[in-house]
Amino acid sequence: LKKVKIFKNERILSLEELLKIAPDNILLDIELKGETITGESCIPLLKLLLKYIKKENILISSFNYELLNYFKKNKICIGLLTGGKLKRLGFFGMIKKVISLKPDYLCMPINMIRYMNIILYYLLIIFLKSIGNKFIYWTVDKENEIRYIKNHAEYIITNELKMMLKLFKENK
């Protein structure tokens, strides 16, 4: 990555370079890809994160339950990414997996709503909120998507920042 140039001689920062300049008051969401990190890599990763970021400002997200378990055992906030794999478990299978892992956040693609029966979706949200789960939605890029999540999203990830800021200013 150090050799990849973007724009005018800019490059992608290493994780350590990013951590050195990260503000103190943010929740830093580090997404772990099961294809690129192993369980053994979690130990030095956590040491590096804690060198620069307060424990309460770290969120580790992944589809990989085993990777998340390491961070959960070390009292780091975790977010279970949902999507195809979790969706294939079905409604009750999804609830069972979430209960067994006990993630701090359930991180859902906004398009997951389209694939679920809307009534089952809201029942899932009500139940998971009742046991303490919080929700992060990603790729929320359309105004109409906000109405489905505005009352229960803790965080929203978007590619359309101007649209999102406008909507939140209008709804204050």
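The sections below set out a description of the structure shown in this document. Model, not experiment: these values are computed from the prediction. Within each chain, residues carry numbers counting from 1 in the order of the written sequence. Reporting in this predicted model follows two pLDDT cut-offs: at least 70 for local features of residues, and 80 or more for side-chain atom pairs to be given and counted; totals over whole chains, interfaces and linings ignore these cut-offs and use all residues. Remark: hydrogens and water are excluded; side-chain values derive from all non-hydrogen atoms of the structure.

A few words now on the packing of aromatic side chains. For this analysis, a ring pair means two rings from Phe, Tyr or Trp (six-membered ring only for Trp) whose centres lie within 6.5 Å, classed as stacked if their planes differ by under 30 degrees, edge-to-face if by over 60, and tilted for the remaining angles. In total, this model carries five aromatic pairs according to the counting rule given. Measuring from ring centre to ring centre gives 6.5 Å for Phe 63 and Trp 138, while their planes differ by 85 degrees; the resulting arrangement is edge-to-face. Taken together, the residues span a long stretch of sequence, with Phe 63 in the loop between strand S4 (58-62) and helix H3 (65-73) and Trp 138 in strand S7 (residues 134-138) at a distance of 75 residues. Throughout this description, buried means an accessible area under 20% of the type-specific maximum (1.4 Å probe, protein chains only), exposed means over 50%, and partly exposed covers the range between. Overall, Phe 63 belongs to the partly exposed group, its relative accessible area being 35%. Strands here are runs of E lasting at least two residues and helices are runs of H or I lasting at least four, both read from the DSSP assignment and numbered beginning at the N terminus.

Next up on the list: the sheet that holds strand S5 (residues 77-81). Any two strands with at least two DSSP-identified bridges between them are counted as paired. Read from one edge to the other, the open sheet built from six strands follows the order S3-S4-S5-S6-S7-S8, with strand pairing classed as parallel. A strand with exactly one partner marks an edge of an open sheet, and here the two such strands are strand S3 (28-32) and strand S8 (153-157). Averaged over neighbouring strand pairs, the angle between their axes works out to 25 degrees when direction is ignored. The sheet contacts of helix H7 (residues 118-130) involve strand S6 (105-109) and S7, and relative to S7 the element is tilted by about 135 degrees. Axis geometry follows a simple rule: fit a line to the C-alpha atoms, using only the stretch in contact for helices, then measure angles between N-to-C directions, giving values from 0 to 180 degrees. Residue contacts follow a heavy-atom distance rule, with two residues in contact if any of their heavy atoms lie within 4.5 Å.

The next subject is unusual backbone geometry. Here the phi dihedral of Lys 75 falls at roughly 60 degrees; this positive angle occurs in a residue that is not glycine. The phi torsion at Lys 102 lies on the positive side, around 55 degrees, for a residue other than glycine. With respect to the secondary-structure elements, Lys 102 resides in the loop between helix H5 (90-101) and S6. A residue is classified by how much of its surface remains accessible, and Lys 102, at 54% relative accessible area, is exposed.

Whenever Lys or Arg places a side-chain nitrogen within 4 Å of a carboxyl oxygen from Asp or Glu, that contact is recorded as a salt bridge. The tally for this structure, following the rule as stated, stands at five salt bridges. Lys 33 is the salt-bridge partner of Glu 31, the closest N and O atoms lying 2.9 Å from each other. Classification of Glu 31 as partly exposed rests on a relative accessible area of 40%.

Time to look at the nonpolar core. Of all hydrophobic cores here, the largest spans 43 residues; its most connected members are Leu 32, Ile 60, Phe 71, Met 108, Tyr 121 and Tyr 137. Counting residues per element, this core draws most heavily on H5, which supplies five residues. Not counting chain neighbours up to four residues away, the residues in contact with Leu 32 comprise Ile 37, Leu 45, Ile 60, Ser 61, Ser 62, Leu 67 and Phe 71. Note on terminology: a nonpolar core comprises buried Ala, Val, Leu, Ile, Met, Phe, Trp, Tyr and Cys residues joined through side-chain atoms within 4.5 Å. In this structure, Leu 59, Tyr 105, Cys 107 and Ile 136 belong to the second largest nonpolar core, which totals six residues.

Turning to H3, its buried residues number three or more, namely Tyr 65, Leu 67, Leu 68 and Phe 71. The buried side chains of H3 occupy one side of the element, clustering within an arc of 155 degrees when seen end-on. Away from the buried face of H3 by more than 90 degrees, exposed residues Glu 66 and Lys 73 are located. For the purposes of these results, a polar contact is taken to be a pair of N or O atoms within 3.5 Å, where, inside protein, one atom must be able to donate a hydrogen and its partner to accept one; residues adjacent in sequence count only when each atom of the pair is a side-chain atom. Measuring from the side-chain oxygen of the N-cap residue of H3 to the backbone nitrogen of Glu 66 gives 3.0 Å; that N-cap residue is Asn 64. Of the residues trailing H3, Lys 75 is marked for its positive phi of about 60 degrees. It is the directions from the helix axis to the C-beta atoms whose arc is reported.

Distances and angles like these do not, on their own, reveal function.
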